[in-house]
Amino acid sequence: MKIKRAFLDTEDGQIHYRIGGEGEPLILLHQNIKSSDEYRELMPRFIKEKKLVIAMDFLGFGESDKPPRMYYIEDYAKTVTLVLDQLGIKKANVLGHHTGAFVAAEVAAAYPERVNKLVLSCIDYFEEEERKILYSRFSNAFEIREDGSHLTNRWPVRLSYVGSIELNHRCLLDEFRCHGYPPYGPFSIMNYAEKSLERFGLINSQTLILSGTEDIKQLEKLGLAKSENRKLITQTIPNAKKVDIEGGTIYMMNQMSEEIAKIVVDFLDN
């Protein structure tokens, strides 16, 4: 069950990705700040289910290069097709979590011939005030301070809902790679949000929407999203159904890999 790493050269820099397994292709797209490490627990489970699994780091995240300009969701969607082209894959199932879900949705809307089934995890419709809060929070979080307090201050912020010290450490390693650079993820979402419902309406793929119950509670508490808008997205995508993941947090891809793998595989195979 060996998972290999590789890089793809693009005009905007190198894209790092992990790949393993054989069978029906499944590409995994991570959330803002994270990287392909978000799927470290899930990849082996999908491989056991006879999937060719690819988890990429978006430009600006993980071990991929920083892009030479601010990136849009449409740009990230294009890079997904470049990775598929590199691997000679004409059509794949696509799973995205949070920011990755927006990219996955745009891949399905813009390149329907490349997508078989679609899984959108914890995807939201952000209203105007929520977009401003989102961008502001991450702009401040990525600032490098002379006294190094940006390093110590971030540890307790996530530990309160990550729970695991080891997972918190992994999340922060990914986050620190983003410090000192623009907030590429929030910028791309902020610019996509207003047209997102229109784009979601173009999706023809059979779609599964996953919603972590603790995830949406946390976002509502922070003033970043509303639970009713996840229902709205489900109604907007023609062939979508929604499944609530009880107890699922923002890091449920790591924390609940067995349960999520079962739900996703059942959806893909049936």
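It should be noted that the structure appears before, not after, this text.
These numbers come from a predicted model, not from an experiment. (Residues numbered from 1 in each chain as written. Predicted model: local features only at pLDDT ≥ 70, side-chain atom pairs only at ≥ 80, totals over all residues. Heavy atoms only, no water.)

Q: I'd love a proper account of the layout of surface pockets, names of residues and values included.
A: In this structure, the largest pocket encloses a volume near 660 Å³. For the largest pocket, the lining is made up of 33 residues, of which Phe138, Arg158, Tyr161, Leu224 and Ile250 are closest to its centre. Within the residue set of the lining of the largest pocket, elements represented by two or more residues are α3 (99-110), α4 (128-141), α5 (149-162), α7 (184-200) and α8 (213-221). Ranked by the residues each element gives to the lining of the largest pocket, the list is headed by α5, at six residues. By residue class, the composition of the lining of the largest pocket is 17 nonpolar, nine polar and seven charged. (1 Å grid on protein atoms, 1.4 Å probe; cavity = no way out; pocket = protein on both sides within 12 Å on 5 of 7 lines; lining within 4 Å. Points joined across faces, edges and corners; volume = space filled by probe spheres on them. Helix = DSSP H or I, 4+ residues; strand = E, 2+ residues; numbered from the N terminus. Nonpolar A, V, L, I, M, F, W, Y, C, P; charged D, E, K, R; others polar.)

Q: Break down the pattern of salt bridges for me, with residues and values.
A: Evaluated as defined, the whole model comprises 26 salt bridges. Here lysine 51 and glutamate 24 are joined by a salt bridge, their closest N and O atoms 3.2 Å apart. One end of the pair, lysine 51, is in strand β4 (residues 51-56); the other, glutamate 24, is in strand β3 (residues 24-29), with 27 residues separating them in the sequence. Judged by its relative accessible area of 2%, lysine 51 is buried. (Salt bridge = Lys/Arg side-chain N within 4 Å of Asp/Glu carboxyl O. Buried < 20%, exposed > 50% of the residue type's maximum accessible area, 1.4 Å probe, protein only.)

Q: Report on the sheet that holds β4, specifying residues and quantitative values.
A: A sheet is described by the order of its strands in space; here eight strands give the open sequence β1-β2-β4-β3-β5-β6-β7-β8, paired in mixed fashion. Strands at the two margins of the open sheet, each flanked by one partner only, are β1 (4-10) and β8 (240-245). Across the sheet, the mean angle separating the axes of adjacent strands is 20° when strand polarity is ignored. Bridging between β3 and β4 involves six bridges; their strand directions are parallel. Residue pairing for β4: leucine 26 is matched across the bridge by valine 53. Each of β1, β2 (13-20), β3, β4 and β5 (92-97) is contacted by helix α2 (residues 73-86), which is oriented at about 115° to β1, the strand it contacts most. Its contacts with the sheet place α8 against β7 (207-212) and β8, and it is angled at close to 65° to β7. (Pairing = 2+ DSSP bridges. Axes fitted to C-alpha atoms, helices over the stretch in contact; angles between N-to-C directions. Contact = heavy atoms within 4.5 Å.)

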